[in-house]
Amino acid sequence: MTERRGLVFGEVHPLRFDAQGAFWVGTAMGLNRYNGSRFAIWTVADSLPAPRVHDIALDSTGALWFGTANGLARRDPRTRWFQGWAIASVASAGASHGSEPDAKANPRRM
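The rules behind each value
- Residues numbered from 1 in each chain as written.
- Predicted model: local features only at pLDDT ≥ 70, side-chain atom pairs only at ≥ 80, totals over all residues.
- Heavy atoms only, no water.
- Helix = DSSP H or I, 4+ residues; strand = E, 2+ residues; numbered from the N terminus.
- Buried < 20%, exposed > 50% of the residue type's maximum accessible area, 1.4 Å probe, protein only.
- Pairing = 2+ DSSP bridges.
- Phe/Tyr/Trp six-rings, centres within 6.5 Å; stacked < 30°, edge-to-face > 60°.

S.K.: Explain the environment of Gly21 here, please?
M.R.: Turning to its location among the elements, Gly21 is positioned in the loop between strand E1 (12-17) and strand E2 (23-27). Gly21 gets classed as partly exposed once you look at its relative accessible area, which sits at 45%. Sequence separation between Gly21 and Asn35 is 14 residues; the distance between their C-alpha atoms is 7.4 Å.

As structure tokens, this is what we get:
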């Protein structure tokens, strides 16, 4: 797998197979899904809270969760909707520590 063959960026971080057998790849510039024949790419323009994907987790419902420095994104396997939640900065949230997820999540189908 390389940028030339479809990755959004050559520096690869987490890797995970989903319940349908697709291969998910987190990079410094976005998220890739490889279905065995081609790549699909998602970036901050597609609801990722930040470009770099640090972690990919599969929950008991089959949903994939993607951790970034600025929040989480979730893909529902049944609807194929992708939704991201950005974490408000401490300064803008007015909190002394910690923060709540931004209420303005941006769902996208993928």
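S.K.: Could you clarify how one ought to interpret the pairing of strand E3 (residues 30-34) in this entry?
M.R.: If a strand is regular, its side chains alternate between the two faces of the sheet. For E3, the buried fraction is high: 4 of the 5 residues fall into the buried class. Pairing geometry for E2 and E3, over 5 bridges, is antiparallel. Note that in E3 the partner of Val25 across the bridge is Asn32. Inspection of the sheet shows E3 paired to strand E4 (residues 39-42) by 4 bridges, in the antiparallel sense. Along E4, the bridge assignment pairs Tyr34 with Phe39. Between E3 and E4, which pair antiparallel and follow one another directly, the connecting turn spans 4 residues, one of which, Gly36, has a positive phi of 105°.

S.K.: How should I be thinking about the packing of aromatic side chains in this particular structure?
M.R.: Two descriptors summarise a pair of aromatic rings, namely the distance from one centre to the other and the angle between the planes of the rings. Throughout the structure, instances matching the rule amount to 6 aromatic pairs. Taking 5.4 Å as the distance between ring centres and 45° as the angle between the ring planes, the aromatic pair formed by Trp24 and Phe66 counts as tilted. With Trp24 in strand E2 and Phe66 in strand E6 (residues 64-68), this pair connects stretches of sequence that are 42 residues apart. Residue Phe66 is classed as buried on the basis of its relative accessible area of 0%.

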